[in-house]
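Descriptive analysis of the structure
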Amino acid sequence: MKDNITKLKIFLLIFTVIGFGSGCNSTQNQLVEDNDHLSISQVHTSKPINQSVANHTKEKIVMKEGISDVKAVNMDKDLLVGIRVDNFDRFQLKKIKKEVQSDIEKMYPNHQVTVSTDQKMYWELDKLEQRLKKDNTTMKKLKKDINKIKSLMKEQT
């Protein structure tokens, strides 16, 4: 009788371990799948406002761990980048911002790079991206908006 109870306990223990192990595994796969569905919006314009530098920057930066989304706009030699950081990584904002800034400056050494983790800057860059997508801005207006966002970013520092 004791032999059957011991076998039953061992069976339940093994079953529990397998259950917990498979539960953790599916959660990990789900996190990997969530990162695969990240999408960044490419900004293409028919006007002479080329956004290829901003688009390339977004492609590279969104792959970094802890970053959930990126907005970027460029004009001449100015490149403004707003990043949204995952909730769990918000304690490392300064470190993430510094790494992103460094990486972008290495990719584009001739550009004046400004990076922000502030939500307001992220939203401002998002609005500017939307106007660029709709071809709803001029070079003069874009330059004014970029200077405005740059000054807001410097105030935050």
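Focus on the overall build of the protein chain
Within the protein chain one finds five helices and three strands. Reading the protein chain from its N terminus to its C terminus gives the helix and strand order α-α-β-β-α-β-α-α. By the burial criterion, 34% of the 157 residues in the protein chain qualify as buried. In the protein chain, 61% of the contacts between residues at least 6 apart in sequence involve partners at least 24 apart. As displayed, the protein chain offers around 10,600 Å² of accessible surface, 56% of which is attributable to carbon and sulfur atoms.

Quick word on a nonpolar patch on the surface
Residues Leu8, Phe11 and Leu12 make up a contiguous nonpolar surface patch of about 310 Å² in total accessible area. Tracing the chain through its elements places leucine 12 in helix H1 (residues 2–36). You can call leucine 12 partly exposed: its relative accessible area is 44%.

Notes on the environment of leucine 142
Summarising the element assignment, leucine 142 is placed in helix H5 (residues 139–156). As a C-alpha pair, leucine 142 and leucine 128 span 14 residues in sequence and 8.0 Å in three-dimensional space. Sequence-distant contacts of leucine 142, that is, excluding residues within four places in its chain, are made with Ile49, Val73, Asn74, Met75, Leu128, Leu132 and Thr137.

Re the sheet that holds strand E2 (residues 78–85)
Overall, mixed pairing links the three strands, which are arranged E1-E2-E3 in an open sheet. Edge strands, defined here as strands with exactly one partner in the open sheet, are strand E1 (67–75) and strand E3 (112–116). Between one strand and the next, the sheet's axes are offset by a mean angle of 15°, whatever the strand orientation. As defined by bridge partners, E2 adjoins E3 across five bridges and the pair is classed as parallel.

Focus: the pattern of salt bridges
Applying the stated rule across the entire model yields ten salt bridges. A salt bridge links aspartate 126 to lysine 71, with the nearest nitrogen and oxygen atoms 3.3 Å apart. With aspartate 126 in helix H4 (residues 119–133) and lysine 71 in strand E1, the pair connects residues that are 55 residues apart, well separated along the chain. Where lysine 150 meets aspartate 78, a salt bridge forms, and the shortest distance between an N and an O atom there is 3.1 Å. Taken as a pair, lysine 150 in helix H5 and aspartate 78 in strand E2 lie far apart in primary sequence, 72 residues in all. Aspartate 78 gets classed as buried once you look at its relative accessible area, which sits at 19%. Residues participating in the shared-partner salt-bridge network are Lys58, Lys71, Asp126 and Glu129.

What about unusual backbone geometry?
You will see that aspartate 76, though not glycine, has its phi angle at about 50°, which is positive. As for its position among the elements, aspartate 76 is in the loop between E1 and E2. According to the relative accessible area criterion, aspartate 76 is exposed, its value standing at 52%.

A short note on the nonpolar core
Counting residues in hydrophobic clusters, the biggest one holds 17 residues, and the most contacted among them are Leu79, Val81, Ile83, Val100 and Ile104. Going through the elements one at a time, helix H2 (52–61), E1, E2, helix H3 (93–107) and E3 are the ones with two or more residues in this core. If you tally residues by element for this core, the top one is E2, at four residues. Valine 100 has contacts with Ile61, Lys64, Ile67, Ile83 and Val115, leaving out every residue within four places of it along the chain. Ile49, Met75, Leu80 and Met153 belong to the second-largest nonpolar core, a separate cluster that totals 13 residues.

Calculation rules
Residues numbered from 1 in each chain as written. Predicted model: local features only at pLDDT ≥ 70, side-chain atom pairs only at ≥ 80, totals over all residues. Heavy atoms only, no water. Helix = DSSP H or I, 4+ residues; strand = E, 2+ residues; numbered from the N terminus. Buried < 20%, exposed > 50% of the residue type's maximum accessible area, 1.4 Å probe, protein only. Contact = heavy atoms within 4.5 Å. Areas by Shrake-Rupley, 256 points an atom, 1.4 Å probe, with all protein chains shown as cover. Patch = residues over 30% accessible without salt bridge, like charges linked within 9 Å, V, L, I, M, F, W, Y side chains within 5 Å. Salt bridge = Lys/Arg side-chain N within 4 Å of Asp/Glu carboxyl O. Pairing = 2+ DSSP bridges. Axes fitted to C-alpha atoms, helices over the stretch in contact; angles between N-to-C directions. Core = buried A, V, L, I, M, F, W, Y, C linked by side-chain atoms within 4.5 Å.

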